[in-house]
Amino acid sequence: MNDRTDLFQTLDFGDGILRIQGSGSVFCYLVRGAERALLIDTMTGLGNLRFRLNRVTDLPVTVACTHGHFDHIGGTADFPTAWIPQGDAVMLQEQQCSERKYWLENMLCTLRRLPLKFSHEDFTPAHGVVWRGLCGGKTFDLGGRIVTAVDIPGHTVGSTGYLDSKTGTLFVGDAGSRSTYLFLHWSRSVEGYLEGLLRLKDLWGSRIKRWFNFHNYTEMPADILDDLINACRCALNGKITGLKFRGTELFRFVYPVDKKWRRLDGGYGNIIVRLDRLRMEDEPF
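All residue numbers refer to position in the chain's written sequence, counted from 1. Only residues with pLDDT of 70 or above have their local features reported here, since the model is predicted, and side-chain atom pairs are shown and tallied only from 80 upward, although totals for entire chains, interfaces and linings are computed over all residues. Only hydrogens and water are set aside when side-chain values are computed; all heavy atoms of the structure are taken into account.

A. Inspection of the packing of aromatic side chains at higher detail. Only centres within 6.5 Å qualify two rings of Phe, Tyr or Trp (six-membered ring in Trp) as a pair; their planes then separate them into stacked at under 30 degrees, edge-to-face at over 60, and tilted for everything else. This structure, assessed with the given rule, holds 18 aromatic pairs. Centroid distance Trp83 to Phe140: 5.9 Å. Interplanar angle 85°. Geometry classified as edge-to-face. With Trp83 in strand β6 (residues 81-85) and Phe140 in strand β8 (residues 139-141), this pair connects stretches of sequence that are 57 residues apart. Neither Trp83 nor Phe140 differs from the other in exposure class; each is buried. Relative to Phe251, the ring of Phe183 lies with its centre 4.6 Å away and its plane at 25°, an arrangement referred to as stacked. Taken together, the residues Phe183 in the loop between β12 (180-182) and α4 (190-204) and Phe251 in strand β16 (residues 248-253) connect sequence positions 68 residues apart. Phe251 shares its class with Phe183; the two are buried. Here a set of aromatic residues connected by ring pairs shows up, and it is made of Tyr181, Phe183, Phe245, Phe251, Phe253 and Trp261. Look at NZ for Lys and CZ for Arg. If either is within 6 Å of the ring centre and within 35 degrees of the ring normal, a charge sits over the ring. Looking at Arg19, its charged tip hangs above the ring of Phe27, at a distance of 4.0 Å from the centre. In this description a helix means any DSSP run of H or I spanning at least four residues, a strand means any run of E spanning at least two, and both kinds are numbered starting from the N terminus. A simple rule labels every residue: compare its accessible area, found with a 1.4 Å probe on the protein chains alone, to the largest value its type can have, and call it buried under 20%, exposed over 50%, or partly exposed in between.

As structure tokens, this is what we get:
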């Protein structure tokens, strides 16, 4: 039985928001209300996340994922049920490979020059989690605060953020950062991503006060949304000035970056595009 809880670190942001980090650079967040708590994502499944949560809250916990990649849904194996964006439900089976989870945690620790303190046995095996599909607009009433699922398709078809009514924090998963991946198999085109970002700004932009990421760093300014919109427009207008990504000619940063993937011009949002998937007609699904 996987009962390890020592692999997790926590950081309290106040206002009932707790960040949980695993051994690598992957995060999830616990949002606590007066009556319930919402766990947004579950990382890779290394260690027993449910046991760890029992140490930080007595509230009943609902699990909701931002998208279907294994480094965000892996820990759902510690829970009986979880919510998944409907558009990513098709990804669930292929993303539950335990070897893939081990490989990622191993790679992240190696990159950060951290010792490996885990084995394959420290990952909870996949089992019959009851998955519930959600769409944008779904709300979670936690008591004194409501968290709303908002569509941000791009990184994946179903990528979803969760907007907290109390703090205006938007928990975005991998849907927008200084290195937003738009080149993976289940990624939308740049045009499709732009369409979703414009809808996000129109429907929810005035309520977004903070933008929380799930890898490497947490908070980004709310105006990263405008950065990402402009990056899409640059790409669609042929103004891709960044270097190729990890030696692959087909994948390019829209804006030039330094070794830590920070924009050289001081901006925040950036995307890594597939040159053969700029328009919606280029999408394979």
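B. Region of the structure containing the side chain of Arg52. With respect to the element layout, Arg52 can be found in helix α1 (residues 49-53). No salt bridge is formed by the buried Arg52. Its closest oppositely charged neighbour is Asp6, at 9.2 Å. Any two residues having at least one pair of non-hydrogen atoms within 4.5 Å are treated as being in contact. Not counting chain neighbours up to four residues away, the residues in contact with Arg52 comprise Thr5, Phe8 and Thr10. We score Asp and Glu as negative and Lys and Arg as positive, and we do not count His or the chain ends. By definition, a salt bridge exists where a carboxyl oxygen of Asp or Glu is found within 4 Å of a side-chain nitrogen of Lys or Arg.

C. Seen up close, the nonpolar core. What is meant by a nonpolar core is a set of buried Ala, Val, Leu, Ile, Met, Phe, Trp, Tyr and Cys residues, joined one to another through side-chain atoms within 4.5 Å. Within the largest apolar cluster, 31 residues are counted, with the highest numbers of intra-cluster contacts made by Leu170, Val190, Leu200, Trp211 and Ile271. Elements with a contribution of two residues or more to this core: α4, β14 (217-221), α5 (224-236) and β17 (271-274). Those residues in contact with Ile271 that lie beyond four places of it in its chain are Thr180, Leu182, Val190, Tyr193, Leu228, Ala231, Cys232, Arg252, Phe253 and Val254. Core analysis: the next-biggest nonpolar cluster, separate from the first, contains 18 residues, Val26, Cys28, Leu39 and Val63 among them.

D. Main features of the packing of α4 against α5. Here, axes are lines fitted to C-alpha atoms. For helices the fit covers the stretch in contact, and angles between N-to-C directions go from 0 to 180 degrees. Packing of α4 against α5 leaves a shortest axis separation of 9 Å and a crossing angle of 150°. In this view, α4 runs roughly antiparallel relative to α5, as classed from their interaxial angle. As α4 runs across α5, the sense of the crossing is left-handed. For the pair α4 and α5, contact is made by Val190, Glu191, Tyr193, Leu194, Leu197, Leu198, Leu200 and Lys201 and by Leu225, Asp226, Leu228, Ile229, Cys232, Arg233, Ala235 and Leu236, respectively. Under this scheme an angle from 65 to 115 degrees is roughly perpendicular, one under 35 degrees roughly parallel, and one over 145 degrees roughly antiparallel; angles in between are oblique. It is the rotation of the near helix from the far one that decides the hand of a crossing: anticlockwise by less than a right angle makes it left-handed, clockwise makes it right-handed.

E. Representation of the pattern of salt bridges within the structure. Tallied over the full model, the rule gives 13 salt bridges. Two residues, Asp164 and Arg145, come together in a salt bridge whose shortest N-O distance is 2.6 Å. Pair noted here: Asp164 is in strand β10 (residues 160-164) and Arg145 is in the loop between β8 and β9 (146-151), with a separation of 19 residues, a long-range link. One exposure class covers both Asp164 and Arg145, and it is buried. In this structure, Glu283 engages Arg188 in a salt bridge whose closest nitrogen and oxygen atoms are separated by 2.7 Å. Of this pair, Glu283 sits in the segment after β17 while Arg188 sits in the loop between β12 and α4; the two residues are 95 residues apart in sequence, bridging distant segments of the chain. Judged by relative accessible area, which is 13%, Arg188 ranks as buried. Connected through salt bridges with shared partners, the residues Arg4, Asp6 and Asp122 form a single ionic network.

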